[in-house]
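Fold and geometry: a report
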Amino acid sequence: MLPAAKLAMTVWLAAGGEPLVDATEAVPDLVVDMRYATEDNFLKRKVYPEDARCLLLPDSARRLKQAADVLRTKGYRVKVYDCYRPRAVQWEMWKLVPKPGYVANPKFGSNHNRGAAVDLTLVTLEGAPVEMPTPFDDFTPAAHHGYKGGSEASRKHRQVLLEAMEGAGFLRNKMEWWHYDVPGAKKMPVLDVPFTKSG
Ligand SMILES: C[C@@H](N)C(=O)N[C@H](C)C(=O)O
Ligand SMILES: [Zn+2]
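Residues numbered from 1 in each chain as written. Chains lettered and ligands numbered in written order. Predicted model: local features only at pLDDT ≥ 70, side-chain atom pairs only at ≥ 80, totals over all residues. Heavy atoms only, no water.

**So, the site of ligand 1**
Note the cut-off: Note on definitions. A residue lies near a molecule or strand when any single heavy atom of the residue is within 4 Å of it. Throughout this description, a polar contact denotes any pair of N or O atoms lying within 3.5 Å of each other; where both atoms belong to protein, one of them has to be capable of donating a hydrogen while the other can accept it, and for residues adjacent in sequence the pair is counted only when both atoms sit in side chains. A run of H or I in DSSP counts as a helix once it spans at least four residues, and a run of E counts as a strand once it spans at least two, with each numbered from the N terminus. Side-chain classes are defined by residue name, with Ala, Val, Leu, Ile, Met, Phe, Trp, Tyr, Cys and Pro counting as nonpolar, Asp, Glu, Lys and Arg as charged, and the others, Gly among them, as polar.
Contacts to ligand 1 come from 16 residues, most closely from Arg85, Tyr102, Ser110, Asp119 and Asp137. Between ligand 1 and the protein, one listed contact pairs an oxygen atom with a side-chain N or O atom of Gln90 at 3.1 Å. A distance of 2.8 Å is found between a nitrogen atom of ligand 1 and a backbone nitrogen or oxygen belonging to Tyr102. With three residues, strand β7 (residues 176–181) is the largest single contributor of residues to the shell around ligand 1. Considering only residue class, the shell around ligand 1 consists of six nonpolar, six polar and four charged.

This is the structure:
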């Protein structure tokens, strides 16, 4: 990769805080499907630029690599749907779904706004979809970790993902099988920087 491109992979906080890193640097086989950069999301419109990357705090990226390394040995790769999310987008989400648990109140900030949360699923090593209890951002009880319905395979996959993520120190969101936070996230600053800002 060209040095300039590598440099552009890093977003520095306007206030001089910790830089966000591109998660594909830590997890080279990461499948990136940034849903909010498409119309295939619950807002039904693009709220990110088309070239939005999966940006995370270094600690989040390190933990994601740890989980991905374990999952690979079990025959899975990780596919991310969302990583860092500008706070302005959080407000757009909250206007539509003001339900804490499913969407964090932007007044306090989502851990996505801190680069300290990731929305993800499993795919096979070849990148094929793996059955989960619900589609991404299905804000119903079927998305809860305690949900006992759906197929046995979907519950097993949810559990495989959960064990890998908790093994790497992530914390589950009990209402969304796809959402994980890093511990201590709330101490990190809420951000509203673009996906491409560097240096
Ligand atoms: C909107 C959904 N993908 C999500 O990330 N929800 C959590 C609770 C959040 O907004 O932080
Ligand atoms: Zn999330």
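**Some thoughts on the confidence of the model for the protein chain**
Keep this limit in mind: pLDDT expresses, on a scale from 0 to 100, how confident the predictor is about each individual residue. Two residues form a contact once any of their heavy atoms are found within 4.5 Å.
Averaged over every residue, the pLDDT of the protein chain is 91; residues scoring 70 or more account for 90%. Within the protein chain, strand β5 (residues 117–124) carries the highest mean pLDDT (99), whereas helix α1 (residues 3–8) carries the lowest (32). Contacts of residues 1–16 to residues separated by more than four positions or lying in other chains number 38 contacts, the stretch itself having pLDDT below 50. As a predicted assembly, this complex carries a pTM of 0.91 together with an ipTM value of 0.99.

**Comments concerning the state of the cysteines**
How we decide: Put simply, a disulfide is two cysteine sulfurs that come within 2.5 Å.
Taken as a whole and assessed by the stated rule, the structure comprises one disulfide. With its sulfur 2.0 Å from that of its partner, Cys54 forms a disulfide with Cys83. Looking along the S-S bond of the Cys54-Cys83 disulfide, the torsion reads about -90 degrees, which is the left-handed sense. Here Cys54 is found in the loop between β2 (31–32) and β3 (55–56), whereas its partner Cys83 is found in the loop between β4 (76–82) and α4 (87–96), with 29 residues between them in sequence.

**A word on the UniProt feature "site: Transition state stabilizer" (unreviewed entry) in the protein chain**
The condition is simple: UniProt positions are given in the numbering used here, feature names are shortened, and annotations may be inferred rather than shown by experiment.
Cross-referencing UniProt, the feature "site: Transition state stabilizer" (unreviewed entry) maps to Arg85 in the present numbering. The residue Arg85 is located in the loop between β4 and α4 in this model. Apart from residues lying up to four places away in sequence, Arg85 is in contact with Tyr36, Tyr48, Gln90, Met93, Ser110, His112, Asn113, Asp119 and Leu191. A distance of 2.8 Å separates a polar atom in the side chain of Arg85 from a polar atom in the side chain of Gln90.

**Describing the coordination of the zinc ion (ligand 2)**
Worth spelling out the cut-off: Donor selection uses N, O and S atoms within 2.8 Å of the metal (3.2 Å for Na, K and Ca). Since no water is included, sites may look incomplete.
Within the protein, the zinc ion (ligand 2) binds to His112 (NE2), Asp119 (OD), Asp119 (OD) and His179 (ND1); these donor distances fall in the range 1.9 to 2.8 Å. Sequence spacing of the donor residues for the zinc ion (ligand 2), all on one chain, is H-x6-D-x59-H. Of this pair, His112 sits in the loop between α4 and β5 while His179 sits in strand β7; the two residues are 67 residues apart in sequence, bridging distant segments of the chain.

**Some remarks on the nonpolar core**
Keep this limit in mind: Throughout, nonpolar core names a set of buried Ala, Val, Leu, Ile, Met, Phe, Trp, Tyr and Cys residues whose side chains join them through atoms within 4.5 Å. Burial here depends on accessible area, computed with a 1.4 Å probe over protein chains only, as a share of the maximum for the residue type. Under 20% is buried, over 50% is exposed, and the range in between is partly exposed.
Counting residues in each nonpolar core, the largest one holds 58 residues, and the members touching the most others are Tyr48, Leu64, Val80, Leu120, Leu161 and Met165. What Val80 contacts, discounting residues up to four positions off in sequence, is Leu30, Val31, Val32, Asp33, Met34, Cys54, Leu64, Val118, Asp119 and Leu120.

**Examining the pairing of β7**
What counts, and what does not: Two strands are said to pair when DSSP picks up at least two bridges between them.
Counting buried positions along β7 gives six out of six residues, so the element sits mostly inside the fold. The sheet contact formed by β5 and β7 spans three bridges and is antiparallel. Within β7, the residue paired with Val118 across the bridge is Tyr180. Sheet topology places strand β6 (residues 171–173) next to β7; three bridges connect them, and they run antiparallel. Counterpart to Arg172 in the pairing with β7 is Tyr180. Here β6 folds back onto β7, and the loop between the two strands holds two residues.

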